[in-house]
Amino acid sequence: PQEKLDSFLKLYKKIKNPKQMKCYTNSQPFKAKPDHDESAIKLNDYRNDFIHFVPKGWSLDLTGLPEICLYCLEVVEFLGWHSGNVLWHEPQHKKRANFALKKSVNNFHKINTEYDKQLANNNC
């Protein structure tokens with residue numbers, strides 16, 4: 001049979017399912033909060049709009065995007081370091097991935113803080 005990668009939201013649903021996440025004895029599913037679910041759906045919507053671009057007028061309110069990305073990065077952190085399903089064979093790969101994750105989280109926090117400042121200045 002031809003192998004195909006499942007859709008983003010189907011994969012997201014699978015990581016929350018205990019039966020589908022039980023690869024190893026210490027494997028565990030992701031315990032999502034409503035904010036995680038909403039962020040995954042919204043990020044998927046943005047992705048689809050970019051991937052399946054149709055010429056149109058489009059404005060994008062980026063105010064909530066850093067927060068959406070932060071929730072999605074929590075999912076990435078869980079999968080890479082807490083799910084029990086990722087085996088890091090090379091210590092330097094784990095170290096590099098962890099550094100990239102932490103840097104991304106830090107950058108999104110900075111962007112979010114800057115957006116909050118901009119909103120506060122515009123509402124005065």
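One can find the structure itself at the top, above this paragraph.
Residues numbered from 1 in each chain as written. Predicted model: local features only at pLDDT ≥ 70, side-chain atom pairs only at ≥ 80, totals over all residues. Heavy atoms only, no water.

**Regarding the pattern of salt bridges**
Rule in force here: What makes a salt bridge here is a side-chain nitrogen of Lys or Arg within 4 Å of a carboxyl oxygen of Asp or Glu, nothing more. Each helix corresponds to a stretch of at least 4 residues labelled H or I by DSSP, and each strand to a stretch of at least 2 residues labelled E; elements are numbered beginning at the N terminus. Under the scheme applied here, a residue whose accessible area is under 20% of the maximum for its type counts as buried, over 50% as exposed, and between as partly exposed, the area being computed with a 1.4 Å probe on protein chains only.
This model, assessed by the stated rule, comprises 3 salt bridges. For K16, the salt bridge identified is with D37, shortest N-O distance 2.9 Å. Note that K16 is positioned in the loop between α1 (8-15) and α2 (18-21) and D37 in helix α3 (residues 34-51), a separation of 21 residues in sequence. Using a relative accessible area of 30% as the deciding quantity, one classes K16 as partly exposed. In this structure, E77 engages K102 in a salt bridge whose closest nitrogen and oxygen atoms are separated by 3.3 Å. Placement of the pair is E77 in helix α4 (residues 65-82) and K102 in helix α5 (residues 91-122), with a sequence separation of 25 residues. Residue classification places E77 among the partly exposed residues on the basis of a relative accessible area of 26%.

**Focus: the nonpolar core**
Note the following rule: We define a nonpolar core as any set of buried Ala, Val, Leu, Ile, Met, Phe, Trp, Tyr and Cys residues linked to one another through side-chain atoms lying within 4.5 Å. Here, residues are in contact when the closest pair of their heavy atoms is within 4.5 Å.
Within the largest apolar cluster, 7 residues are counted, these being Y12, I15, M21, F30, A40, V75 and F78. Of all the secondary structure elements, the ones that give two or more residues to this core are α1 and α4. Ignoring anything within four residues of it in the chain, the contact list for M21 reads K14, I15, S27, Q28, P29, F78, L79, S83 and N85.

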